[in-house]
Amino acid sequence: MTTSPGGLEAQPTATTYELGDLIPLAWGGRIRVPHFQRDFRWQSQDVLRLFDSIVKGYPIGNLLLWVRRQQPEKFMLGKLRLTAPAHDESLWVVDGQQRLTSLANALSPDGHPYKPFNVYYDLAAKEFLESPPSREPHHIALPILFDLKKLLTWFRTDGLTASEYFDEAERVATALRQYKVPAYLVRQDDRAVLTDIFDRMNNFGRKLNRGEIFSALYSGEEKGADERLTLAKISDNVAARTGFGSIDIGTVLASVLARRGPDPMRDIRVEFSLTGRRTQSEFPEEDEPTAFSQGEEALVRAVNFLIGEAGVPHISLLPYRALLVTLTRFFAHFPNPKPNNLRLLRRLYWRLSLVGPMVFRGSFTQFSRTLGGKIKPGDEEGSLHAMLATISDADPVLPSADRFRTNEATTKIILSAWWSLKPRSLTTGEILDAQSLNALLEQDRTAANAAPLIYPRLKEARSRLSPANRLFLPTGTDPVSEIPVALTVQPLEIDDETWEAVLSSHHLDRTTAELADRHRDEFLAKRQEHIRKQLSDFISRMAEWGYEDTPSLDALDLDDEFDELEESDLPSAPDGY
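The text that follows walks through the structure, step by step, so that each part is easy to find.

Analysis parameters
- Residues numbered from 1 in each chain as written.
- Predicted model: local features only at pLDDT ≥ 70, side-chain atom pairs only at ≥ 80, totals over all residues.
- Heavy atoms only, no water.
- Helix = DSSP H or I, 4+ residues; strand = E, 2+ residues; numbered from the N terminus.
- Areas by Shrake-Rupley, 256 points an atom, 1.4 Å probe, with all protein chains shown as cover.
- Polar contact = N/O pair within 3.5 Å; in protein donor to acceptor, adjacent residues only side chain to side chain.
- Contact = heavy atoms within 4.5 Å.
- Buried < 20%, exposed > 50% of the residue type's maximum accessible area, 1.4 Å probe, protein only.
- Salt bridge = Lys/Arg side-chain N within 4 Å of Asp/Glu carboxyl O.
- Pairing = 2+ DSSP bridges.
- Axes fitted to C-alpha atoms, helices over the stretch in contact; angles between N-to-C directions.

What follows covers the overall build of the protein. Broken down by element type, the protein carries 22 helices and 10 strands. Counting only carbon and sulfur atoms, one obtains 48% of the accessible surface of the protein, whose full area is about 29900 Å².

Among the secondary structure elements, Asn469 is positioned in the loop between helix 18 (461-464) and helix 19 (483-488). Among the polar contacts listed, one links the side chain of Asn469 to the backbone oxygen of Arg464, at a separation of 3.2 Å. If we skip the residues at most four places from it in the chain, Asn469 touches Pro452, Leu453, Ile454, Tyr455, Leu458, Ser463, Arg464, Leu524 and Arg527.

In this structure, Pro377 sits in the loop between helix 14 (364-374) and helix 15 (380-389). Looking at Pro377, the relative accessible area reads 44%, which means it is partly exposed. In the structure, Pro377 is positioned 45 residues away from Ala332 in sequence and 9.1 Å away in space, judged by C-alpha atoms. When near neighbours in sequence (up to four residues on either side) are disregarded, Pro377 contacts Glu282, Arg329, His333 and Phe334.

As a further point, take the pattern of salt bridges. One pass over the full model with this rule turns up 28 salt bridges. Here Arg69 ties to Asp88 by a salt bridge, and the two come within 3.4 Å at their closest N and O atoms. With a gap of 19 residues between them, Arg69 in strand 3 (residues 63-70) and Asp88 in strand 6 (residues 87-95) connect regions that are remote in the sequence. Among the residues examined, Arg69 registers a relative accessible area of 59% and is labelled exposed. A salt bridge links Arg329 to Glu282; its shortest N-O distance comes to 2.7 Å.

This part is about the sheet that holds strand 2 (residues 31-32). Taken in spatial order, the five strands make up an open sheet running 1-10-3-6-2, and their pairing is mixed. The open sheet has two edge strands with one neighbour each: strand 1 (13-18) and strand 2. As paired elements, strand 1 and strand 10 (residues 180-187) share six bridges and run antiparallel to each other. Paired with Tyr17 across the strands is Val181, a residue of strand 10. Against the sheet, helix 1 (residues 19-27) engages strand 1, strand 2, strand 3, strand 6 and strand 10, with an angle of about 95 degrees to strand 1. Here helix 3 (residues 97-106) sits on the sheet in contact with strand 2, strand 3 and strand 6, set at roughly 115 degrees to strand 6.

A word on the environment of Ala468. As for its placement among the helices and strands, Ala468 is situated in the loop between helix 18 and helix 19. C-alpha separation for the pair Ala468 and Glu529, spaced 61 residues apart in sequence, amounts to 8.7 Å. Non-local contacts of Ala468, meaning those with residues more than four positions away in its chain, are made with Ile454, Phe523, Leu524, Arg527, Gln528 and Ile531.

Another point: the environment of Ala104. With respect to the secondary-structure elements, Ala104 resides in helix 3. Owing to a relative accessible area of 0%, Ala104 belongs among the buried residues under this scheme. Through-space distance from the C-alpha of Ala104 to that of Lys79 is 9.5 Å; in sequence the pair is 25 residues apart. Apart from the residues within four sequence positions on either side, Ala104 is in contact with Ile23, Ala26, Trp27, Leu77 and Leu80.

Okay, structure coming up:
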């Protein structure tokens, strides 16, 4: 742990600024942004929420300002081109850049015309809004609202027809100018101390994620809180009901939202509001408890599909969270798909696992929004084929079997292929089921503990990271520290047929297994050949690249003469790629 720089010579001074005093300091060049600050990143909704919080009297956080001498200089603050005069106590923003830049620009006639600072106040609706496409008499620009003289002039000229809203304008103008912002002033000549403070403020601790914000917004009253369903409880319930492991809160939230509408990344602050939504909910009359409980049911159906149809027994084998979100939306609207549609859905899942990141450029948002938009309530067949069409132009791919890292999507696909072999215990010969896998991993985010190294001390990195150097052993009883010996010695209580099944379930035969203890390189090479072949067969079987994505027979209007199909008319399995 580093202890330098030496720290502050004196504690920061606490003070407060009214915006009516603070913003003119910024316009006058007294407030600067150090070069080590990040770029301005706020968008229109962030700026609107900032002003809404101010007028409602909500805290917007403290400022941390570095007091130091400054020579005359011209600089940019957002869209404002300012001149800083020489001053012994200029203020440099260590924490609060996004807020101060937004305030200084949105309240200035020079910064206001530019996004995201083009904020107006609707005197009739009593809300802030981005520059409206059609200006109404009761829409007033913030620079006018912030300046008392300009405000009075506006009501005598442009705002003459809005005179009935003068009291509201005066209330908001006063709230803006008199809003008090707490600040700490740091006097320190050593720049290293300030950059150290900045680093700690931005990296120590953990900011709330989207799921935590949603939970806070819809937490309800204290009374009855223990009985209410929450995102965390949904995660626990799904894990208990399915044995799939613990789904992170962000994915649970996206799944709940996807059930109610095609865009799971929409604004969560108006989710249960009848106003302010850009798109109508598919369940407009639904209250929060119902949305949560029905979201859990749809999520359980999606997970059961992954376990029972797609061959994914645990969340640690799920390549991409967006897949589960999309499946939840599908099963919310089609809880009991037709048998052939389940097959098409399995095909879709595996094709998306392989080519989805390329088609959607690795974007969770684009992935979820695009596929969510293809799922149309009441049209099971059409929804499936629309989703399949999004990847119809993608070339078939086979994941690389050269590297094994359990936090990577490719390895999760490899593990699913291994799971299809029904891996067995090396000591009992029993098939290791999903229950034993879940018991071993519990809350783990990866399957590392279920895939021990055969040779943990290999020096050559390529061999050490090879899939051939791993076994899929979802059990806590097998001797994972003595795997090479265990592979070469058949236990007395296991008969020959069962032992061959054990070896086969781990990409081995007797000849290859006998090499494990003394011939590492040859063992790994032969086993890697088995792994590549089995992975190719698995992907070909699950993704079914060679099949046409035809609708189920139930959806077709067939003439009587085609009611009976000859065996030769049925599609044959593809030979490969």
